[in-house]
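Each chain is listed here by its residues.
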Amino acid sequence: MTDWKGRIVLVTGATGLVGSWLSRRLLAEGAQVVALVRDWNPQRELIRSGDVARCSVVSGRLEDVATLERAIAAFGVDTVFHLGAQAIVGTALRSPLATLETNLLGTANLLEVCRRHQDQVKCVVVASSDKAYGTAEVLPYTEAMPPMGRAPYDVSKSCTDLLAQSYAATYSLPVTVARCGNIYGGGDLNWSRIVPGTIRLVLGGQAPQIRSDGTFTRDYIHVDDVVDAYLALANRIEQEGVRGEAFNFSPEERLSVLGLTSQILEIMHRKDLQPVILNSAQAEIKDQYLDSSKARRVLGWQPKVLLQEGLERTVAWYRNYLGAQA
């Protein structure tokens with residue numbers, strides 16, 4: 001499966017941060033991309049770039065089985081990248097039921113349709129998160145730790161992982177799970193996230209705002225490295241130790257939120273702007289970072305984009321994007 005030419009690939013959440021760049025990579029490698037799109041937002045990278053014109057677009061929601069049936073059966077999909085989700089912690093806190101419906105029911109629907117068409121679907125990659133682990137007394141997270149989410153969003157990711165592994169174990173569905181830390185890069189329009197939110201404020205001459213006390217630690221992974229990770233999983237789905245397994249992906253460099261903000265300010269030459277500490281974060285785990293030794297050992301995956309380079313590229317993308325909006 002290293003040759004994507006002619007393969008028919010469904011990407012759920014295709015207009016999201018990772019979905020947009022993954023779809024572009026697949027198109028460049030000759031795949032036919034079927035993009036599941038819930039809401040048509042012309043500012044999303046997949047759409048504004050024109051890449052969507054080279055995709056087969058299916059409009060609908062993960063919660064609707066008929067939509068997924070149509071997407072997979074009608075187009076003859078052989079590979080699925082399941083990225084679609086309600087991905088904002090604060091939204092999940094305010095609207096837990098809607099988040100659970102999208103993330104749990106949507107995943108269950110997708111896996112079930114793939115099971116029904118297991119004669120044609122040869123690979124399913126499920127995008128998860130470090131949030132699936134919940135709070136741990138010992139860090140970094142390793143894949144040996146069980147999914148133990150407690151807050152609504154974290155629970156939705158824990159259950160998503162369990163569903164995927166259940167279908168692999170019970171029905172031999174060729175499914176694997178990717179757990180990443182904080183993903184950043186151009187094209188993320190969720191301004192509540194620290195990287196795009198900080199860049200937008202600074203470009204507007206305003207001080208960045210930090211929802212926590214600034215000491216929360218995370219690892220930050222560039223979207224290009226995440227795309228590489230998902231493709232590595234799909235390319236090795238038949239390899240021993242991949243099907244039914246979960247894999248962590250991280251550059252393994254943790255940084256406090258305040259430290260990340262300071263680095264962005266330095267790149268943007270605005271160290272005169274002092275971050276505003278709001279200390280208002282709710283349902284957020286204080287410290288989260290991943291061990292990626294399993295991915296390196298089994299998949300041969302390595303991160304390629306260092307944080308400094310990744311942030312510089314991201315700042316450049318938003319300068320162009322927000323400048324065009326002005």
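What comes next concerns the included structure. Quick caveat: nothing in here was measured; it's all calculated off a predicted structure.

Glancing now at helix 1 (residues 17–28). The end-to-end C-alpha distance of helix 1, which contains 12 residues, comes to 17 Å, matching closely the 16 Å that a straight helix rising 1.5 Å per residue would cover. The buried fraction of helix 1 is high, at 9 of 12 residues. Listed as buried for helix 1 are L17, V18, G19, S20, W21, L22, S23, L26 and L27. G30, located one to two residues past helix 1, shows a positive phi value of around 95°.

If you look at the biggest cluster of nonpolar residues, it comprises 65 residues, and the most contacted ones within it are L22, L26, F81, Y230, F249 and L299. A per-element tally of this core places helix 8 (residues 223–235) first, with 8 residues. Formed by 25 residues, the second largest nonpolar core is a distinct cluster that contains I72, V126, A168 and V177.

Turning our eyes to something else, we now look at the side chain of K294. Examined against the element boundaries, K294 turns out to sit in helix 10 (residues 293–299). A residue is classified by how much of its surface remains accessible, and K294, at 12% relative accessible area, is buried. In terms of polar contacts, K294 uses its side chain to reach the side chain of E245, at 2.7 Å. The residues contacting K294, other than those within four sequence positions of it, are E143, E245, A246, F247 and L299.

Moving on, we get to the pattern of salt bridges. Under the defined criterion, the tally for this structure stands at 23 salt bridges. Taking the shortest distance from any N to any O, the salt bridge between E309 and R313 comes out at 3.0 Å. In this pair, E309 and R313 both sit in helix 11 (residues 307–325), 4 residues apart, roughly one turn of the helix. According to the relative accessible area criterion, R313 is partly exposed, its value standing at 34%. Overlapping salt bridges, with partners in common, bring together R24, E45, R48, D51 and R54 in one network.

For the structure shown, the criterion picks out 7 aromatic pairs. Measuring from centroid to centroid gives 6.0 Å for W4 and F81, while their planes differ by 40°, and the two rings are tilted. With a gap of 77 residues between them, W4 in the segment before strand 1 (8–12) and F81 in strand 4 (residues 79–82) connect regions that are remote in the sequence. For the pair formed by W4 and F81, the shared burial category is buried. Measuring from ring centre to ring centre gives 4.8 Å for W317 and Y318, while their planes differ by 80°; the resulting arrangement is edge-to-face. Among the aromatic side chains, those forming a connected cluster through ring pairs are W191, W317, Y318 and Y321. Just above the ring of Y171 sits the side chain of R115; from NZ or CZ to the centre is 5.2 Å. A cation sits over an aromatic face here: K294 above F247, 4.6 Å from the ring centre.

Rules used in this analysis
Residues numbered from 1 in each chain as written. Predicted model: local features only at pLDDT ≥ 70, side-chain atom pairs only at ≥ 80, totals over all residues. Heavy atoms only, no water. Helix = DSSP H or I, 4+ residues; strand = E, 2+ residues; numbered from the N terminus. Expected span 1.5 Å × (residues − 1). Buried < 20%, exposed > 50% of the residue type's maximum accessible area, 1.4 Å probe, protein only. Core = buried A, V, L, I, M, F, W, Y, C linked by side-chain atoms within 4.5 Å. Polar contact = N/O pair within 3.5 Å; in protein donor to acceptor, adjacent residues only side chain to side chain. Contact = heavy atoms within 4.5 Å. Salt bridge = Lys/Arg side-chain N within 4 Å of Asp/Glu carboxyl O. Phe/Tyr/Trp six-rings, centres within 6.5 Å; stacked < 30°, edge-to-face > 60°. Lys NZ or Arg CZ within 6 Å of the ring centre and 35° of its normal.

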